[in-house]
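Descriptive structure summary
Chain by chain, the residues:
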Amino acid sequence: SNLRDTVGAACLNERKCKLDKALDVCVRLETGTGGIAAGNIEVKVDNVVVEKKNTYYSKGKVVLYKCYKSPPDIEVKAGSNNGWVGSAEVSYDRGATWQDMMHEGFEDGTKNAGTCVDGNSDCKSHS
């Protein structure tokens, strides 16, 4: 059956009802597939830990894919000396198109060419 033909919520008796804003801004962090990509990463969204530092992500695994009403503050930190390498992308059209996230506080440049997060500095030598 068509979901639009079923009732999941009702606004009745001439009440004014509000719909949530669309979740327009999406964030995607994905582990790379290269030699040293797999590793540990801690992720905070608006100062709340959403991925703990002791979680290991193997090659090609998605760390975070979530949509928000407004652009969130995303902070990443090394989970260990086992560096994590991957992509950090944002979409402003509900995931239809993606662009590299800008970086603040990273050592090399401000544009993503593969994000390296490490407890020491050896993942930098593999870029």
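Note that the structure is a prediction, hence the values are computed from the model and not measured. Along each chain, residue indices are assigned from 1 in the same order as the chain's sequence is written. Two thresholds apply to this predicted model, a pLDDT of at least 70 for residue-level local features and 80 or more for giving and counting side-chain atom pairs, whereas whole-chain, interface and lining totals are computed over all residues. The basis for the side-chain values is all heavy atoms of the structure; hydrogens and waters are excluded.

Moving on to the side chain of Glu 51. Secondary structure elements are taken from DSSP: a helix is a run of H or I of four residues or more, a strand is a run of E of two residues or more, and numbering for both begins at the N terminus. You can see Glu 51 is positioned in strand E3 (residues 48-51). A 1.4 Å probe rolled over the protein chains alone gives each residue an accessible area, and that area as a share of the maximum for its type sets the label: buried under 20%, exposed over 50%, partly exposed in between. The charged-residue count follows a simple rule in which Lys and Arg add positive charge and Asp and Glu add negative charge, with His and chain termini not counted at all. By definition here, a salt bridge exists when the distance from a side-chain nitrogen of Lys or Arg to a carboxyl oxygen of Asp or Glu is within 4 Å. In this structure Glu 51 is buried but unpaired, with Lys 52 as the nearest side chain of opposite charge at 9.3 Å. In this description, contact between two residues means that some pair of their heavy atoms is separated by no more than 4.5 Å. Here Glu 51 is in contact with Ile 41, Glu 42, Val 43, Tyr 57 and Val 63, once residues within four sequence places are set aside.

So, on to the packing of aromatic side chains. In this analysis, rings of Phe, Tyr and Trp, with Trp reduced to its six-membered ring, are considered paired at centre separations within 6.5 Å, and the interplanar angle assigns stacked below 30 degrees, edge-to-face beyond 60, and tilted for intermediate values. Tallied over the entire structure, the rule returns 1 aromatic pair. Note on criteria: charge over ring means Lys NZ or Arg CZ within 6 Å of the ring centre, with the direction from the centre no more than 35 degrees off the ring normal. Sitting over the face of the ring of Trp 98, Arg 28 holds its NZ or CZ atom 4.0 Å from the ring centroid.

Turning our attention to the pattern of salt bridges. All chains considered together, the criterion is met by 2 salt bridges. Residues Arg 94 and Asp 24 are paired through a salt bridge, measuring 2.7 Å at the closest nitrogen-oxygen approach. Separated by 70 residues along the polypeptide, Arg 94 in the loop between strand E7 (84-91) and strand E8 (99-100) and Asp 24 in the segment before strand E1 (25-31) bring together distant segments of the chain. Taking relative accessible area as the criterion, Arg 94 reaches 53% and is therefore assigned exposed. Notably, a salt bridge pairs Arg 28 with Glu 89, separated by 2.7 Å at the nearest N-O pair.

Another aspect to go through is the nonpolar core. Buried Ala, Val, Leu, Ile, Met, Phe, Trp, Tyr and Cys residues that are joined via side-chain atoms within 4.5 Å together make up what is termed a nonpolar core. Counting 16 residues, the largest nonpolar core has Leu 29, Ile 41, Val 43, Val 63, Leu 64 and Trp 84 as the members making the most contacts within it. Mapped by element, the contributors of at least two residues to this core are E1, strand E2 (39-45), strand E5 (62-68) and E7. If we ignore the near neighbours within four places in the chain, the residues touching Leu 64 are Val 27, Arg 28, Leu 29, Val 43, Val 45, Val 50 and Ile 74.

Right, let's get into the state of the cysteines. Counting rule for disulfides: a pair of cysteine sulfur atoms within 2.5 Å. Scanning the model with the defined rule gives 1 disulfide in all. Paired by a disulfide, Cys 26 and Cys 67 hold their sulfur atoms 2.0 Å apart. Disulfide Cys 26 to Cys 67: torsion about the S-S bond roughly 95°, handedness right-handed. Taken together, the residues Cys 26 in strand E1 and Cys 67 in strand E5 connect sequence positions 41 residues apart. Judged by its relative accessible area of 0%, Cys 26 is buried.

In short, geometric facts, not functional conclusions.
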